[in-house]
Amino acid sequence: MAGVDSSTQACKVVIRDADTGDLVREGRAPHPGGTEVDPAAWLAALDAAVADAGGLGDVAAVAVGGQQHGMVCLDEDGEVVRPALLWNDTRSAAAAEDLVAELGGGDTGRAAWVDAVGIVPVASFTVTKLRWFAEHEPDLAARVAAVCLPHDFLTWRLAGSSDPAEVVTDRGDASGTGYWSAAEDRYRPDLLERAFGRPLAVPWVLGPREVAGRATGGAVLGPGTGDNAAAALGLGAVPGDVVVSVGTSGVVSAVSAAPAHDVTGTVAGFADATGRHLPLVCTLNAAQTLDATAGMLGVDHAELSRLALSAPPGADGLVLVPYLEGERTPNRPDATGALHGMRLRNTTAAHLARAAVEGLLCGLADALDALVAEGVTVERVVLIGGGARSEALQEIAPRVLGRPVLVPTPGEYVADGAARQAAWVHSGAEEAPVWTRSGARTVTGEPTPDVRARYAEARDKTVDQRLVNNV
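Now for a look at the structure at hand. The model shown is predicted, which means the values in this text are computed figures rather than measured ones.

Looking now at the pairing of strand 17 (residues 250-254). With 5 of 5 residues buried, strand 17 is to be regarded as a mostly interior element. Burial of strand 17 is two-sided: the residues G250, V252 and A254 facing one way and the residues V251 and S253 facing the other way are all buried. In this structure, strand 16 (residues 241-246) lies alongside strand 17, joined through 5 bridges in antiparallel fashion. Its bridge partner being in strand 17, V242 is matched across the sheet by A254. Here strand 16 folds back onto strand 17, and the loop between the two strands holds 3 residues. One ladder, built from 4 bridges, connects strand 17 with strand 19 (residues 277-283); its direction is antiparallel. Within strand 19, the position partnered with G250 by the bridge is T283.

A few words now on the packing of aromatic side chains. The final tally for this structure, using the stated rule, is 4 aromatic pairs. Here the aromatic rings of F125 and F270 are separated by 6.2 Å at their centres, their planes lie at 75°, and the arrangement is edge-to-face. With a gap of 145 residues between them, F125 in the loop between helix 3 (106-117) and helix 4 (126-136) and F270 in strand 18 (residues 268-271) connect regions that are remote in the sequence. No difference in accessibility class separates F125 from F270, as the two residues are buried. With a centroid separation of 6.2 Å and an interplanar angle of 50°, the aromatic rings of F133 and F196 are classed as tilted. Taken together, the positions of F133 in helix 4 and F196 in helix 8 (residues 189-196) put the pair 63 residues apart, joining distant regions of the chain. As far as burial versus exposure is concerned, F133 and F196 are alike and both buried. Above the plane of the ring of W132 lies R91, whose end atom (NZ or CZ) is 4.9 Å from the centre. When the ring centre of W156 is taken as reference, the NZ or CZ atom of R157 above it lies at 5.6 Å.

As a further point, take the pairing of strand 19. Here strand 19 lies mainly inside the structure; 7 of its 7 residues are buried. Joining the antiparallel neighbours strand 18 and strand 19 is a turn of 5 residues, in which G275 adopts a positive phi near 105°.

In the contact formed by helix 10 (residues 287-297) and helix 12 (residues 349-373), the axes pass within 9 Å of each other and the chain directions differ by 170°. With respect to helix 12, the axis of helix 10 lies roughly antiparallel. Touching A287, T289, L290, T293, M296 and L297 of helix 10 are A349, L352, A353, A356, V357 and L360, all from helix 12. For the contact of helix 10 with helix 12, a count of residues per class yields 10 nonpolar, 2 polar and no charged.

What counts and how
Residues numbered from 1 in each chain as written. Predicted model: local features only at pLDDT ≥ 70, side-chain atom pairs only at ≥ 80, totals over all residues. Heavy atoms only, no water. Buried < 20%, exposed > 50% of the residue type's maximum accessible area, 1.4 Å probe, protein only. Helix = DSSP H or I, 4+ residues; strand = E, 2+ residues; numbered from the N terminus. Pairing = 2+ DSSP bridges. Phe/Tyr/Trp six-rings, centres within 6.5 Å; stacked < 30°, edge-to-face > 60°. Lys NZ or Arg CZ within 6 Å of the ring centre and 35° of its normal. Axes fitted to C-alpha atoms, helices over the stretch in contact; angles between N-to-C directions. Parallel < 35°, antiparallel > 145°, perpendicular 65-115°, else oblique. Contact = heavy atoms within 4.5 Å. Nonpolar A, V, L, I, M, F, W, Y, C, P; charged D, E, K, R; others polar.

From the geometry alone we can't say anything about function, so treat these as descriptive.
Written as structure tokens, this is what we have:
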């Protein structure tokens, strides 16, 4: 079974045994940087990653997990109209505000969107990008016949199709568009038309184990899903598990039998890849906070960890609010990062390293609190993602999150979830196969509520740059 993770930064392919889940081989290839990308680059990276993994000649089924929310627009011939706007592109922030205002504004507008689709529009979501596109590039927008998401596009092209009417998706990824309701399992074409100004064709939404077709080489295609739903499936997450993923974005999510309904918009009411729900909070700034801090200090990540662990908890009052690319949660798309509490005693490399790790984790702790406020039961916190390989992050996480943290063996959990879905679809069974894993460790630490309190004070002083510009 082959699972694909087409993420923001790279394409990863894992090939696993259908019965045991054992890794047979794997491959990867990079994606171009930036917040808009020609989908042809994803196809090229997929081909390269498959080749790096030794090909798909012996693979019976394939599924794709992909970055969520990206806007892929197709014309009536199936040609891509413009580079895809990615989830981390914030140019549609004003469009998001307009869409909320049009349904009543303020609490009324937010509640109307949550009632309709379980989420409040922010710049990340596809619906806001469509509004921006229609307003700012009307000539190109006039060519658009259909809209889909990154994983939909790759599944469609794996099948060798060029007919926009044959694009399919799944509940997990559709729930992040802003025009599909996870609670009601249906599109809201009125909201899509409100955003774009006219109707568009959208992918057919498949169930979690429905066949999406066949790849050109003959392998069965699963419906695929969004990256967060795929990661939960790869981990075998069940109700009571909260997954904290530290990748390009920071994500805190939980499998739930009931949809989320958070009128503040903090918790998104997404669906998962099993037919259940995935209440989720996402931040824009996660592992890149560590990347940026390591770059500023001129060290690698191992040294950054060593420095962070050598500084005292709370970094002697130094606080980093890591809004380096604006922020999604809280919704401050034009905010900037800030250092607070600088004094002579804490202006050292070790203190900055500690503040960076704690600032990243405090944002995720706020997200965890939001899930709990929505009624999510927390029995286990699972820490994954590229950033979770950091020793400092692992050791400091239970202190900031206030709970023991399970750290599984590092792996490609999005790709693994896609591979597990592929095995499920191929088997035709009622439930997904159970693949056992070993090597996880539980990390504990004394909670540091004062770190959270200082961060909250600094966070609330951080202003959206648009407010400064308008003064």
